[in-house]
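Residue-level structure breakdown
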Amino acid sequence: MTIGPRETIVVLDFGSQYSQLIARRVRELEVYCELIPYHVPADQILHLNPLGYILSGGPASVYAPGAPHLPEFVLTTKKPVLGICYGMQLLTYHLGGQVDPGAEREYGPAEIQLVNPEASLFNHLPALDRLPVWMSHGDRVTRLPAGFQVLAQSQNSPYAAIGDPARGLYGLQFHPEVTHTPQGKELLQAFLYDICGCRGGWTPGNFIKESIARLQTQIGHGKVVCGLSGGVDSAVVAALLHQAVGSQLTCIFVNNGLLRKNEPEQVTQTFAKEMHARLVAVDATEDFLSALAGVTDPETKRKIIGEKFVRIFEAEARRLGQVDFLAQGTLYPDIIESASRDEQAGAAKIKTHHNVGGLPEDMDFELVEPLRYLFKDEVRAVGETLGLPAQIVWRHPFPGPGLAVRVVGEVTWERLETLRAADAILIEELWVADWYHQTSQAFAVLLPVQSVGVMGDYRTYADVIALRAVVTDDFMTADWARLPEALLARLSNRIVNEVAGVNRVVYDISSKPPATIEWE
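Here the structure is a predicted model, which means the values were calculated and not measured. (Residues numbered from 1 in each chain as written. Predicted model: local features only at pLDDT ≥ 70, side-chain atom pairs only at ≥ 80, totals over all residues. Heavy atoms only, no water.)

Turning to the confidence of the model for the chain, a few remarks are in order. If pLDDT is low for a region, its predicted coordinates should not be looked at in detail. On average, the chain scores 88 in pLDDT, and the residues at 70 or more come to 93%. The secondary structure element of the chain with the lowest average pLDDT is helix α11 (residues 332–338), at 71, and the one with the highest is strand β3 (residues 52–55), at 98. A low-confidence stretch, residues 339–358 (pLDDT under 50), is modelled with 67 contacts involving residues beyond four sequence positions or located in other chains. (pLDDT = per-residue confidence, 0-100. Helix = DSSP H or I, 4+ residues; strand = E, 2+ residues; numbered from the N terminus. Contact = heavy atoms within 4.5 Å.)

Below is the structure:
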């Protein structure tokens, strides 16, 4: 099977908290999109042959010294451009317009008046002349560049939407990518389809066809091992590889001692007995715990676990004969957050994911990562299309380093067992209360502190368990789940009474950002 070039939109990231949402919304409109820092070398972007560019918002002022600049190729390639918030101001400033501090800042809901309802950017809007939108800016455009016209305005922004139709250049002072702009999807749809000329077709079915062809080209007649965790990411990778290369694939499941209660048995049952996968199961609990002894730094934990996984895969591969490739379930958020060396040079690193930054430089395998440009919900859609069991497709995400990054501080067998017991109670109660599928990810964390308590007539000094449950669309941003008080009370009561050595339970109500979903 051969595949043609994929139509692509590039989102240049200038540091907005909403940048990932732009990419998500574009993909929801069935157009492939990549989010790339604005300072990445031009050749790395131009090889994608994008049909258009979207410039994200950002915290800077375009007139300030050292502010992010507009890469020259964005305009010289003569492709359509949509600037959002800072992106619009940057486009204006670069083309000779004027940007100044606003008399009043605009943060939150606003209403815009369409000045030119016939503009192509408004092609898919209902018959309205006013639209509710979400603003988040302190500066504003005060003079348009030559060739531009005002398309919409708000009370505080005389140029809330602007356009130069002859050159395909448009700007929005508000954020169409957030749900608080109800018609934002229609605005993006008009830019993608009517202005950039996209045809769509970025669907799970087409992704599967493309991936199988790419995997066959990459692997050829080589042998590949797939690190199987039992989660949806590695399961989808294994299913894609099975369709692409069949008997050339061997799945390796490593019990590192950092898994949840009964998880090793469940993985073996699902993949070896129900899915009939060629599965090699390895119990490496002692190896991992020995390597982690005395380690408290989370980045060090991730690197130790990442390297240990690879060394075990290498040892098992040698028993299988010549193996050329290691497949794993790296996702797009992993790449963005880890700021991988080859694609995000210079980007801020939030944390190293064990299957991105934790891999050793001298490993024997070439990596196979067919999901590295997908978000979690896209992976689930692909899993459903592949026919994977629902209990795998909709299982909550589990970090590659496992419970090692949920045992805050030193990892010991005793602390792991405490955490496993508490986590099992949380998941059981979420299912009973019909809240498992209402949350995107939920887990327990064992804190490195102890607190005073009273049990019966005795004073205790015991461990603290933190519970974390979040809701999210893409795992790039998340909000804490508003679990019912009765459920939280039941969880606290069961954990304190059933898990030895725990006398206090707390609930994490932090959003992402500023927090991350995991604690380490």
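Next comes the rest of the write-up.
With that settled, consider the nonpolar core. Side chains that are nonpolar tend, in soluble globular proteins, to be buried together. Grouped together as the largest cluster of nonpolar side chains are 45 residues, with contacts concentrated most on Val-254, Leu-258, Val-411, Leu-430, Ile-465, Leu-467 and Ile-495. Broken down by secondary-structure element, the contributors of at least two residues to this core are β11 (249–255), α9 (285–292), α10 (298–320), α14 (413–432), β15 (441–455), β16 (458–471), α15 (485–498) and β18 (502–507). Top contributing element to this core by residue count: α14, with seven residues. For Ile-495, the residues in contact, after removing those within four places along its chain, are Ala-422, Ile-425, Ile-465, Leu-467, Val-502 and Val-505. Core analysis: the next-biggest nonpolar cluster, separate from the first, contains 42 residues, Val-31, Leu-35, Ile-54 and Phe-375 among them. (Core = buried A, V, L, I, M, F, W, Y, C linked by side-chain atoms within 4.5 Å. Buried < 20%, exposed > 50% of the residue type's maximum accessible area, 1.4 Å probe, protein only.)

With the rule as written, the count across this model stands at 10 aromatic pairs. Aromatic pair Phe-14 and Tyr-38: ring centres 5.0 Å apart, planes at 15 degrees, arrangement stacked. With Phe-14 in the loop between β1 (8–13) and α1 (19–28) and Tyr-38 in the loop between β2 (32–37) and α2 (42–46), this residue pair connects regions lying 24 residues apart in the sequence. Grouping residues by exposure puts Phe-14 and Tyr-38 together as buried. A connected cluster of aromatic rings, assembled from ring pairs, spans Phe-14, Tyr-38 and Tyr-86. Against the face of Tyr-373 rests Arg-372, its NZ or CZ located 5.7 Å from the ring centre. Over the ring of Trp-413 we find Arg-420; its NZ or CZ atom is 4.8 Å from the centre of that ring. (Phe/Tyr/Trp six-rings, centres within 6.5 Å; stacked < 30°, edge-to-face > 60°. Lys NZ or Arg CZ within 6 Å of the ring centre and 35° of its normal.)

Right, let's talk about the sheet that holds strand β12 (residues 279–283) for a bit. Across the sheet, five strands lie side by side as β12-β11-β10-β13-β14; this open sheet has parallel pairing. Across the chains shown, the open sheet's two edge strands, defined by having one partner strand only, are β12 and β14 (366–368). Strand after strand, the sheet turns through a mean of 30 degrees between neighbouring axes, direction not considered. Of the strand pairs in this sheet, β11 and β12 are connected by five bridges, and their pairing is parallel. Within the sheet, the bridge partner assigned to Val-254 lies in β12 and is Val-282. Of the strands in this sheet, β10 (224–227), β13 (325–327) and β14 are in contact with helix α6 (residues 204–219), which crosses β14 at around 170 degrees. Against the sheet, helix α7 (residues 232–245) engages β10, β11, β13 and β14, with an angle of about 160 degrees to β10. (Pairing = 2+ DSSP bridges. Axes fitted to C-alpha atoms, helices over the stretch in contact; angles between N-to-C directions.)

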